[in-house]
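Fold and contact review
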Amino acid sequence: MSSPSPIPSVYRTLFTTIEPLLATAGALNALFAPAMLLKSTVPSVPYSPALSPLFTQFTGSWLMLAFHDFVTLRSADFRDDVRVWRHTLAASAVSDVFYTASLVQSMGSALFFNPLRWDVMTVTAVLTTVAPFIGKLFFLAGVGLSNKGVARQRGKKKTR
């Protein structure tokens, strides 16, 4: 009988299902509806086709994040390896820091930190970024993880 996973189901659901779907949706918006994405994140900047290469970059970045969440963290070799999860989520958290900073820059801190003033677009932009980011910070802080973890020792092969 196999031992229980060291990754709690709330993290597994958030990072292997919800977040990759959000990242994929963001990538599709960046690729097919960049004007709408720009309006929801930086409404003070009018869309111009000259910005298209930036949205292509966003698409690639968000699809890479979605791939690591959906594929890497689900793979048989890594799905229970806390160390791989920490590295993957730390890299993703770096991206979240800068994306969140860009939202604060665009909205201004007075609006960003006052949810009572948010419209539907702002709620969507902030919550789909900040909620998974907070989940990553909790995971990286070890909240809900046992101290034992099942991280493989360096140089040891997984036995089947």
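Remember, predicted model here, so these are calculated numbers, not experimental data.

**What about the packing of helix α1 (residues 9-32) against helix α6 (residues 120-140)?**
- Following both chains from N to C, one finds α1 and α6 inclined at 150°, their axes separated by 11 Å at the closest point. Compared by their axis directions, α1 and α6 come out roughly antiparallel. α6 is crossed by α1, and the crossing has left-handed handedness. Across the interface between the two elements, Tyr-11, Leu-14, Phe-15, Glu-19 and Leu-22 of α1 pack against Thr-128, Pro-132, Gly-135, Lys-136, Phe-138 and Phe-139 of α6.
- Partitioning the contact of α1 with α6 into residue classes produces seven nonpolar, two polar and two charged.

**Topic: the confidence of the model for the chain**
- Of all residues in the chain, 91% have pLDDT values of 70 or greater, and the mean over the chain is 91.
- Of all secondary-structure elements in the chain, the lowest mean pLDDT belongs to helix α2 (residues 34-41), at 91, while α1 reaches the highest, 97.
- Below pLDDT 50 for its whole length, residues 149-155 participates in 15 contacts with residues either more than four positions away or in separate chains.

**Notes on a nonpolar patch on the surface**
- Among the surface-exposed residues, Ile-134, Leu-137, Phe-138 and Val-143 lie close enough to one another that they form a single nonpolar patch of about 340 Å² accessible area.
- Residue position: Phe-138 is located in helix α6.
- Accessibility expressed as a relative area gives 45% for Phe-138, which makes it partly exposed.

**Focus: the layout of surface pockets**
- Put simply, the largest pocket is a space of about 500 Å³.
- Taken together, 23 residues form the lining of the largest pocket, with Leu-22, Gly-26, Tyr-99, Thr-128 and Thr-129 sitting closest to its centre.
- If one sorts the elements of the lining of the largest pocket by residue count, α6 sits on top with seven residues.
- Here the lining of the largest pocket is built from residues that sort into eleven nonpolar, nine polar and three charged.
- Each pocket or cavity is described by its volume, and for the second largest pocket that value is around 180 Å³.
- For the second largest pocket, the full set of lining residues is Leu-37, Leu-38, Thr-41, Val-42, Leu-51, Leu-54, Phe-55, Phe-58, Trp-62, Tyr-99, Ser-102 and Leu-103.
- At the level of elements, α2, α3 (52-70) and α4 (82-107) are the ones that each hand at least two residues to the lining of the second largest pocket.
- When its residues are assigned to classes, the lining of the second largest pocket shows ten nonpolar, two polar and no charged.

Rules used throughout
- Residues numbered from 1 in each chain as written.
- Predicted model: local features only at pLDDT ≥ 70, side-chain atom pairs only at ≥ 80, totals over all residues.
- Heavy atoms only, no water.
- Axes fitted to C-alpha atoms, helices over the stretch in contact; angles between N-to-C directions.
- Helix = DSSP H or I, 4+ residues; strand = E, 2+ residues; numbered from the N terminus.
- Parallel < 35°, antiparallel > 145°, perpendicular 65-115°, else oblique.
- Left-handed = near helix turned anticlockwise from the far one by under 90°.
- Contact = heavy atoms within 4.5 Å.
- Nonpolar A, V, L, I, M, F, W, Y, C, P; charged D, E, K, R; others polar.
- pLDDT = per-residue confidence, 0-100.
- Patch = residues over 30% accessible without salt bridge, like charges linked within 9 Å, V, L, I, M, F, W, Y side chains within 5 Å.
- Areas by Shrake-Rupley, 256 points an atom, 1.4 Å probe, with all protein chains shown as cover.
- Salt bridge = Lys/Arg side-chain N within 4 Å of Asp/Glu carboxyl O.
- Buried < 20%, exposed > 50% of the residue type's maximum accessible area, 1.4 Å probe, protein only.
- 1 Å grid on protein atoms, 1.4 Å probe; cavity = no way out; pocket = protein on both sides within 12 Å on 5 of 7 lines; lining within 4 Å.
- Points joined across faces, edges and corners; volume = space filled by probe spheres on them.

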